[in-house]
Amino acid sequence: MIKDLIKSLSKNSVEFIIIGEVANFYYGIKTITTKLEILYSSEAENINKIISAFSPFNPQLRDQTESLRYSLDKDLFQNKIELLFETKIGCIDLFSEVLGVGDFKTVEAQSVEVDIFDVLVKIISLDDLIKAKRAAGRTKDLLVLPELEALREVLSDEEE
Amino acid sequence: MKRSIEEKLLNPKPGSKVAAAKEFGIDLTLLLRQLRLTPQQRLDELQLAMIEMEEFSKAKRISGK
């Protein structure tokens, strides 16, 4: 599941940043999710690493009917902002940019680095997570905003 | 022709409850996957997810604000 997905990304030296509900949880929102959402660097070499990381685990697009499901292929990454995969080790959503924030380099500049499952991973900053939720604008995203903003206020108070 | 559960979830009809759920922000692809699992498999995944998420609570911050 999430642990196996992160380990596989790390083992293949994929440049990625954790976003979405796992990031929510890291900052204190009590939620349970079974999928990992990541922002990836769109460099060709990194895309090859992503393919290497998941090819052994039968990755298939979740948002296609079974008859139209494709395997993980670098052509899929062309002009796609999001790719939703199901693999033998769990579900992973791959994003090339974060709506309301920007591309990998922009998000990386503010990200935090944490030690989890014995690997170092980057997580989107709380400020950028809030911007992303606001930009997404769906009810589900907007509902979590007050809690994230309260957490930001509390955490910034602590640092004063 | 009657549409399958897969078709209903992946291509919801405008104005349907499924379309409303998608607009709300529900990941219908994940819901479809859940439906393919047995109740036992769903419980096993949930239990594992809870353990893994708990690990994030203990993750040590190395750098960043």
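Cut-offs and rules
The residue numbering used here restarts from 1 in each chain and proceeds along that chain's sequence as written. Note on labels: chains are lettered from A, ligands numbered from 1, in written order. The model is predicted, so local features are restricted to residues of pLDDT at least 70 and side-chain atom pairs to those at 80 or more, both for listing and for counting; the totals for chains, interfaces and linings are taken over all residues. Only hydrogens and water are removed before side-chain values are computed, so all heavy atoms of the structure are retained for them. The working definition used for a salt bridge is a side-chain nitrogen of Lys or Arg within 4 Å of a carboxyl oxygen of Asp or Glu. Think of it this way: any DSSP run of H or I at least four residues long counts as a helix, any run of E at least two long counts as a strand, and we number them from the N terminus. The buried label goes to any residue with under 20% of its type's maximum accessible area, the exposed label to any with over 50%, and the partly exposed label to all in between, with areas taken from a 1.4 Å probe on protein chains only. Aromatic rings from Phe, Tyr and Trp, taking only the six-membered ring of Trp, are treated as a pair when their centres fall within 6.5 Å; an angle between ring planes under 30 degrees marks them as stacked, one over 60 as edge-to-face, and anything in between as tilted. Contacts are assigned to residue pairs with any non-hydrogen atoms lying within 4.5 Å of each other. Here the quantity called buried area is the accessible surface, traced with a 1.4 Å probe, that two parts lose on coming together, added over both. Pairing of N or O atoms within 3.5 Å defines a polar contact, subject to two protein rules: one partner must be a possible hydrogen donor and the other a possible acceptor, and residues neighboring in sequence count only if both atoms are side-chain atoms. Ten residue types, Ala, Val, Leu, Ile, Met, Phe, Trp, Tyr, Cys and Pro, are classed as nonpolar, four, Asp, Glu, Lys and Arg, as charged, and the remainder, Gly among them, as polar. Both site types are read off a 1 Å grid over the protein atoms alone. A 1.4 Å probe that fits but cannot get out defines a cavity, while an open set with protein on both sides within 12 Å along at least five of seven lines defines a pocket; lining residues have an atom within 4 Å of a point. Grid points are joined across faces, edges and corners, and a volume is the space filled by probe spheres set on the points.

## A word on the pattern of salt bridges
A side chain of one charge can pair with a side chain of the opposite charge if their charged atoms are brought near each other. Under the counting rule described, the total for this entry stands at 17 salt bridges over all chains. Measuring nitrogen to oxygen at the nearest pair gives 2.9 Å for the salt bridge that ties Arg 62 of chain A to Asp 27 of chain B. Here the residue Arg 62 of chain A occupies a position in the loop between β3 (60-61) and β4 (82-87), and Asp 27 of chain B occupies one in the loop between α2 (17-24) and α3 (28-36), the pair thus bridging two chains. As far as burial versus exposure is concerned, Arg 62 of chain A and Asp 27 of chain B are alike and both buried. Across the pair Arg 33 of chain B and Glu 45 of chain B runs a salt bridge, and its minimum N-O distance is 2.7 Å. Taken together, the positions of Arg 33 of chain B in helix α3 and Glu 45 of chain B in helix α4 (residues 39-58) put the pair twelve residues apart, joining distant regions of the chain. With respect to class, Arg 33 of chain B is no different from Glu 45 of chain B; both count as buried. Beyond isolated ion pairs, a larger network of salt bridges with shared partners links Lys 35, Arg 62 and Asp 93 of chain A together with Asp 27 of chain B.

## As for the packing of aromatic side chains
As enumerated under the stated definition, the model contains three aromatic pairs over all chains in all. For the pair Phe 117 of chain A and Phe 56 of chain B, a centre-to-centre distance of 5.8 Å together with 90 degrees between the ring planes defines the contact as edge-to-face. Taken as a pair, Phe 117 of chain A in the loop between β8 (112-116) and β9 (119-123) and Phe 56 of chain B in helix α4 lie in two separate chains rather than in one. Both residues of the pair, Phe 117 of chain A and Phe 56 of chain B, count as buried.

## Description of the interface of chain A and chain B
Interface size is commonly expressed as the accessible area that is lost once the parts come together. Taken together, the contacts link 41 residues of chain A with 30 residues of chain B. Carbon and sulfur atoms supply 63% of the area buried between chain A and chain B, which totals about 3,100 Å² over both sides. On the chain A side of the contact with chain B, Met 1, Phe 25 and Tyr 26 of chain A bury the most area, a combined 17% of that side's loss. At the boundary of chain A with chain B, the tally comes to three salt bridges. For the pair chain A and chain B, the interface holds twelve residue pairs in polar contact (both at pLDDT 80 or more). Those elements giving two or more residues to the side of chain A that touches chain B turn out to be α1 (2-11), α2 (20-27), β4, β5 (90-95), β8, β9 and α6 (139-159) of chain A. Taken together, the residues of the side of chain A that touches chain B sort by class into 18 nonpolar, eight polar and 15 charged.

## Here's the deal with the layout of surface pockets
Within this model, the largest pocket holds a volume of roughly 1,200 Å³. Along the walls of the largest pocket sit 45 residues, with Lys 35, Glu 37, Phe 95 and Arg 138 of chain A together with Gly 25 of chain B positioned nearest its centre. The element contributing the most residues to the lining of the largest pocket is α3 of chain B, with five residues. Partitioned by chemical class, the residues of the lining of the largest pocket number 21 nonpolar, eight polar and 16 charged.

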